[in-house]
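Structure at a glance
Residue-level listing of the chains:
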Amino acid sequence: MHRFAFVIHPVDVKRDAARKYPIAKYLPERWVERLLLRKEPMVVSRITGVRSLTGAETEGWFIGCPLSPRMMLSLPLEVVYDKIVRCGQIAQELGAEIIGLGAFTSVVGDGGITIASRLNIAVTTGNSYTVATAIEAAALGAEKMGISMDDATVAVVGATGSIGRTCAEALAPQAKAMLLLGRNTARLETVAESLRPLARGAVRVSDDLPRDLPLADVIITVTSAVDAIIYPKDLKSGAVVVDVARPRDVSVRVARERDDVLVIEGGLVEVPGAVDFGFDFGFPPRMAYACMSETMMLALEGRIENFTLGKEVSLQQVQITQALARKHGFRLAGFRSFERALTDEEIAAIRARARRPAPADTAPPIPAS
């Protein structure tokens with residue numbers, strides 16, 4: 001049996017820290033972060049019961065890195081690296097052969113390359129299978145909302161990142177038009193140039209999210225922003241949004257104020273077997289993020305190698321994880337929105353409400369450039 005580990009860390013500082021330290025819910029966020037900085041990485045739980053369709057089994061551990069997203073972006077990079085590397089060393093001491101980097105631990109620095117160079121076990125960010133499930137969720141969500149991908153404007157927010165760029169590459173041949181959004185138009189234009197030979201329609205770039213995102217029928221958003229960047233006025237009525245980012249890119253206000261759009265938490269996967277994570281991270285039984293699942297399937301397959309590292313994810317890597325998922329029994333686990341499961345009846349109701357005129361504060365279309 002090949003064993004794995006996966007690094008987790010508090011994303012919503014007060015809520016997530018309170019799972020381990022209940023007093024955290026009563027303290028200011030900055031106080032909680034100061035307390036976290038004094039903590040060392042630790043074993044959070046043992047994971048058992050992961051069993052492939054092939055009969056192969058694996059087990060592993062969640063290793064807690066006591067840093068929030070804001071801390072990872074503001075602390076000296078070497079301090080952050082040291083914490084993550086210590087997580088990997090703990091995993092190795094436990095007997096893990098491969099470790100996955102969760103949430104911001106996969107984003108900070110060079111996307112796991114330095115971490116892998118300082119460890120004696122294999123490392124993956126899990127981004128390849130995250131892309132695979134984001135694309136699958138976008139296509140299925142569009143189908144349920146009555147949107148034809150070949151007649152849709154598809155937007156990718158965070159299109160210069162490793163996940164966003166590969167999502168755009170996969171969807172460009174299908175979409176009527178592609179819209180790439182981010183902060184740096186020069187970098188966005190470089191991505192757009194690489195996509196135009198593959199694209200079915202026009203590929204445009206924008207750094208003006210409030211103006212241009214309301215043009216999109218299907219959206220994949222995967223930035224490394226610490227706070228929400230997509231608000232109720234930014235969405236077209238009937239749009240499908242796959243929010244892969246952690247912390248989420250879509251404001252909770254959207255759940256309260258826009259009952260005519262479908263917002264999906266991207267990358268949620270049902271794990272094969274009678275899995276027990278030993279830790280409640282807010283999901284129903286057997287459900288995990290895609291990045292976690294990539295780590296497990298590599299262990300089940302015995303691919304003890306550095307797999308998804310750096311700032312690039314290739315379509316070949318995505319396709320490999322899709323094949324491994326089918327082989328071992330991992331699958332997209334329905335839809336969740338703002339931490340609750342969505343039924344088909346609820347999605348049908350969203351679709352029905354989307355037939356109303358778009359809200360008055362939705363930005364008007366702008367000419368294609």
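Residues numbered from 1 in each chain as written. Predicted model: local features only at pLDDT ≥ 70, side-chain atom pairs only at ≥ 80, totals over all residues. Heavy atoms only, no water.

1. So, the sheet that holds strand 8 (residues 202–206)
To keep things clear, this is the line we draw: When DSSP finds two or more bridges between a pair of strands, those strands are recorded as paired. Strands here mean DSSP runs of E at least two residues long; helices mean DSSP runs of H or I at least four residues long; both are numbered from the N terminus. Orientation is described by lines fitted to C-alpha atoms, with helices fitted over the stretch in contact, and by angles between N-to-C directions that extend from 0 to 180 degrees.
As summarised here, the arrangement of the six strands in space is 8-7-6-9-10-11, forming an open sheet in which the pairing is parallel. The sheet is open, and its two edges are formed by strand 8 and strand 11 (262–265), each paired on a single side. Recorded for the sheet is a direction-independent mean angle of 15° between the axes of neighbouring strands. The pairing of strand 10 (residues 240–243) with strand 11 spans four bridges and is classified as parallel. Paired with Val-240 across the two strands is Leu-262, which belongs to strand 11.

2. Focus on the confidence of the model for the protein chain
Threshold: The pLDDT value tells you how sure the predictor is about a given residue, anywhere from 0 up to 100. Note on contacts: a residue pair is in contact if any heavy atoms of the two residues lie within 4.5 Å.
Confidence in the prediction for the protein chain averages 90 pLDDT; 94% of positions are at 70 or higher. A low-confidence stretch, residues 356–369 (pLDDT under 50), is modelled with 22 contacts involving residues beyond four sequence positions or located in other chains.

3. Quick word on the pattern of salt bridges
Any two side chains of opposite charge can pair if their charged atoms end up close together. Using the following cut-off: What makes a salt bridge here is a side-chain nitrogen of Lys or Arg within 4 Å of a carboxyl oxygen of Asp or Glu, nothing more. When a residue's accessible area, from a 1.4 Å probe over protein chains only, is under 20% of the maximum for its type it is buried; when over 50% it is exposed; and in between it is partly exposed.
Counting across every chain of the model gives 24 salt bridges. A salt bridge links Glu-265 to Arg-248, with the nearest nitrogen and oxygen atoms 3.7 Å apart. Of this pair, Glu-265 sits in strand 11 while Arg-248 is found in the loop between strand 10 and helix 10 (252–257), placing the two residues 17 residues apart along the sequence. Between Arg-286 and Glu-270 there is a salt bridge, and its shortest N-O distance comes to 3.5 Å. Within this pair, whereas Arg-286 is found in the loop between strand 13 (273–276) and strand 14 (287–289), its partner Glu-270 is found in strand 12 (residues 268–270), the two being separated by 16 residues in sequence. Given a relative accessible area of 31%, Arg-286 falls into the partly exposed group. One connected set of salt bridges, linked through shared partners, spans Arg-3, Arg-46 and Glu-59.

4. A look at the packing of aromatic side chains
How two aromatic rings sit relative to each other is set out by the distance from centre to centre and by the angle between their planes. Quick reminder of the rule: Two aromatic rings, drawn from Phe, Tyr or Trp (for Trp, its six-membered ring), form a pair once their centres lie within 6.5 Å of each other, and the interplanar angle then sorts them: stacked below 30 degrees, edge-to-face above 60, tilted otherwise.
Scanning the model with the defined rule gives four aromatic pairs in all. Measuring from centroid to centroid gives 6.4 Å for Phe-62 and Phe-279, while their planes differ by 70°, and the two rings are edge-to-face. Pair noted here: Phe-62 is in strand 3 (residues 57–64) and Phe-279 is in the loop between strand 13 and strand 14, with a separation of 217 residues, a long-range link. The partly exposed category is assigned to Phe-279, whose relative accessible area is 25%. Taken together through their ring pairs, the aromatic side chains of Phe-6, Phe-62, Phe-277 and Phe-279 make up a single cluster.

5. Here's the deal with the nonpolar core
Applicable threshold: The criterion is simple. A nonpolar core is a set of buried Ala, Val, Leu, Ile, Met, Phe, Trp, Tyr and Cys residues joined through side-chain atoms within 4.5 Å.
Core analysis: the biggest nonpolar cluster contains 77 residues, and Met-178, Leu-180, Phe-277, Met-296 and Phe-330 have the highest contact counts within it. Beyond its immediate sequence surroundings of up to four residues, Met-178 is in contact with Val-154, Val-156, Ala-168, Leu-171, Ala-172, Ala-202, Val-203 and Arg-204. One finds Ala-24, Val-32, Ala-96 and Val-123 within the second-largest nonpolar core, a separate group that totals 31 residues.

6. Comments concerning the side chain of Thr-105
Put simply, the rule is: Throughout this description, a polar contact denotes any pair of N or O atoms lying within 3.5 Å of each other; where both atoms belong to protein, one of them has to be capable of donating a hydrogen while the other can accept it, and for residues adjacent in sequence the pair is counted only when both atoms sit in side chains.
Structurally, Thr-105 is set in the loop between strand 4 (98–101) and helix 5 (113–117). Taking relative accessible area as the criterion, Thr-105 reaches 1% and is therefore assigned buried. Here the side chain of Thr-105 touches Gly-102 through a polar contact of 2.6 Å, landing on its backbone oxygen.

7. A closer look at the sheet that holds strand 1 (residues 4–8)
Pairing in this open sheet of six strands is mixed, and the strands run 5-4-1-3-2-13 from one edge to the other. Only two strands of the sheet have a single neighbouring strand rather than two, namely strand 5 (122–124) and strand 13. Looking at each pair of strands side by side, their axes are set apart by 20° on average, direction ignored. Where strand 4 meets strand 5, three bridges bridge the pair, whose relative direction is parallel. Across the sheet, residue Ile-99 finds its bridge partner in strand 5, namely Val-123. Packed onto the sheet, helix 11 (residues 290–301) meets strand 1, strand 2 (42–51), strand 3, strand 4 and strand 5 and runs at close to 165° relative to strand 1.

8. Looking at unusual backbone geometry
Phi angles above zero are rare outside glycine, and Ala-103 is one such case at about 50°. By the secondary structure assignment, Ala-103 is in the loop between strand 4 and helix 5.

9. A closer look at the pairing of strand 10
To keep it simple, the criterion reads: Crossover handedness is defined here as right-handed if the route from the first strand over the helix to the second strand goes clockwise, with the strands pointing away from the viewer.
Alternating positions in strand 10 separate into two faces, Val-240 and Val-242 on one and Val-241 and Asp-243 on the other, with burial throughout. Pairing analysis gives four bridges linking strand 9 (residues 218–221) to strand 10, with the strands arranged parallel. From the neighbouring strand, Val-218 faces strand 10, where its bridge partner is Val-240. Note that the unit made of strand 10, helix 10 and strand 11 has a crossover that is right-handed.

10. A closer look at the environment of Phe-330
Mapped onto the secondary structure, Phe-330 falls in the loop between helix 12 (315–328) and strand 15 (331–332). Look at Phe-330 and you get buried, because its relative accessible area is 5%. Spatially, the C-alpha atom of Phe-330 lies 27 Å from that of Val-108, the residues being 222 residues apart in sequence.

11. Re the environment of Ile-219
Position of Ile-219 among the secondary structure elements: in strand 9. Distance in space between the C-alpha atoms of Ile-219 and Ala-155 is 4.7 Å, their sequence separation being 64 residues. Discounting residues that sit within four places of it in the chain, Ile-219 has contacts with Ala-155, Val-157, Leu-213, Leu-235, Val-240, Val-241 and Val-242.

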